Amino acid sequence: MRMISTNCQTEQMNSNASEPNASLNPVASIRTEIERLQKLLQRRRIKLSKVAESYLFHCERYAEFDGFLFPPEPSNPWLSDNTDFWVFESSMMDVPPRRIKRWSFSLRELLQDSAGREHFRHFLEKEFSAENLKFWEVCEKIKTIPQKDVQATVSEIYREYLAVGACDPVNLDCRVLESVKRRIDENPDRYCLEEAQEHIFQLMKRDSYNRYIRLDIYKEFILGNRRKSKKRFGSVRHLCDLSTKINFKTRYSEI
């Protein structure tokens, strides 16, 4: 016991003795810290083979969505004067299968697509967890509103989703809730809800999204839109061929 106390006293004396040296020469201590951080930057945290593997996987997955590598149907608007591709890509009714396929890549891909987000919303309503998506959406919206409306909007979101007795309470643990509440009290800016938003996003990713991808409702949606797209693109291709023939005949007759 006496030996342990003696060691503790020795360490305390050494630390106290080093503190005046650091305070007397702060430039040297800063240079030492810079050198230490530079050495840490030079260390590789992940193997280059793993980086190359993940990069190749990403390129292979998204290659078919590159309009220059794989010509889409209808034709690429950047290479032709036909803008039907943009119309179909923004459609909420007849969603092309290539758009639906991207929903299975990640939850973020699903939420970035307006049609995918609505389809996912219907699924969450059946599971009685649509408030998670609503909360995520209002947190995204608050990042784009005018600064003068931020404080009132943050208070409204807190009362509706986070406060005790909220109308649509979301499932947050105590630590995240206390952290968000403290940030709202100190500085209710447009980013004070990011921690809660990320928590809800991860919750949907681990739970609801995995079930959504595996269920038949998503697979049936793909098959149904694939049949529609074949009919639609077949008629579009026929009209394009017909217009090409007409233009050729018109030019030939003019010659």
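See above for the structure.
Here the structure is a predicted model, which means the values were calculated and not measured. (Residues numbered from 1 in each chain as written. Predicted model: local features only at pLDDT ≥ 70, side-chain atom pairs only at ≥ 80, totals over all residues. Heavy atoms only, no water.)

## Some points on the overall build of the chain
For the record, the criterion: Strands here are runs of E lasting at least two residues and helices are runs of H or I lasting at least four, both read from the DSSP assignment and numbered beginning at the N terminus. Each residue is assigned to one of three classes by its accessible area relative to the maximum for its type, calculated with a 1.4 Å probe on protein chains only: buried under 20%, partly exposed between the two thresholds, exposed over 50%. Note on contacts: a residue pair is in contact if any heavy atoms of the two residues lie within 4.5 Å. Each accessible area is a Shrake-Rupley result for a 1.4 Å probe, and residues are judged covered by the shown protein chains and nothing else.
A count of helices and strands for the chain gives 12 helices and zero strands. Counting helices and strands in the order they occur from the N terminus, the chain gives α-α-α-α-α-α-α-α-α-α-α-α. Of all 255 residues assigned to the chain, the portion counted as buried reaches 29%. Long-range contacts, defined here as pairs at least 24 residues apart, represent 57% of the contacts in the chain between residues at least 6 apart. Carbon and sulfur atoms provide 56% of the accessible area of the chain, an area that totals close to 18,400 Å².

## Here we look at helix H10 (residues 174-186)
To keep things clear, this is the line we draw: Every helix has an expected span of 1.5 Å times one less than the residues it contains. Directions drawn from the helix axis to the C-beta atoms are what define this arc.
Its 13 residues give H10 an end-to-end C-alpha distance of 18 Å, which sits within 8% of 18 Å, the value for a rise of 1.5 Å per residue. Listed in full, the buried residues belonging to H10 are Val176, Ser179, Val180 and Ile184. End-on, the buried residues of H10 take up no more than an arc of 135°, which puts them together on one face. Seen from the open side of H10, the exposed residues pointing more than 90 degrees away from its buried face are Cys174, Arg175, Glu178, Asp185 and Glu186.

## Some remarks on the packing of aromatic side chains
Stated precisely, the cut-off is as follows: When two rings of Phe, Tyr or Trp (its six-membered ring) have centres within 6.5 Å they constitute a pair, described as stacked for plane angles under 30 degrees, edge-to-face for angles over 60, and tilted for the intermediate range. Two limits define a charge over a ring: the Lys NZ or Arg CZ must be within 6 Å of the ring centre, and within 35 degrees of the ring normal.
Scanning all chains against the criterion turns up seven aromatic pairs. Centre to centre, the rings of Tyr62 and Phe65 are 6.3 Å apart; their planes meet at 55°, and the pair counts as tilted. Just as Tyr62 is buried, Phe65 falls in that class too. Within the aromatic cluster, the residues linked to one another by ring pairs are Tyr62, Phe65 and Phe105. The ring of Phe65 carries the charged tip of Arg102 above its face, separated from the ring centre by 4.9 Å. Over the aromatic face of Phe201 sits the side chain of Arg108, whose NZ or CZ is 4.3 Å from the ring centroid.

## Considering the environment of Leu107
Of note, Leu107 is situated in helix H6 (residues 107-112). Separated by 101 residues in sequence, Leu107 and Ser208 have C-alpha atoms that sit 9.8 Å apart. Discounting residues that sit within four places of it in the chain, Leu107 has contacts with Phe120, Phe201, Met204, Lys205 and Tyr209.

## As for the nonpolar core
The condition is simple: As used here, the term nonpolar core means buried Ala, Val, Leu, Ile, Met, Phe, Trp, Tyr and Cys residues forming a set that is joined through side-chain atoms within 4.5 Å.
Membership of the largest hydrophobic core comes to 38 residues, with the highest contact counts inside it found for Trp103, Leu107, Phe120, Phe135, Leu162, Leu193 and Met204. Those elements that provide at least two residues to this core are helix H5 (97-103), H6, helix H7 (114-126), helix H8 (130-141), helix H9 (150-162), H10 and helix H11 (194-214). Excluding residues that lie within four positions of it along the chain, Leu193 makes contacts with Cys139, Ile157, Leu162, Val180 and Ile184.

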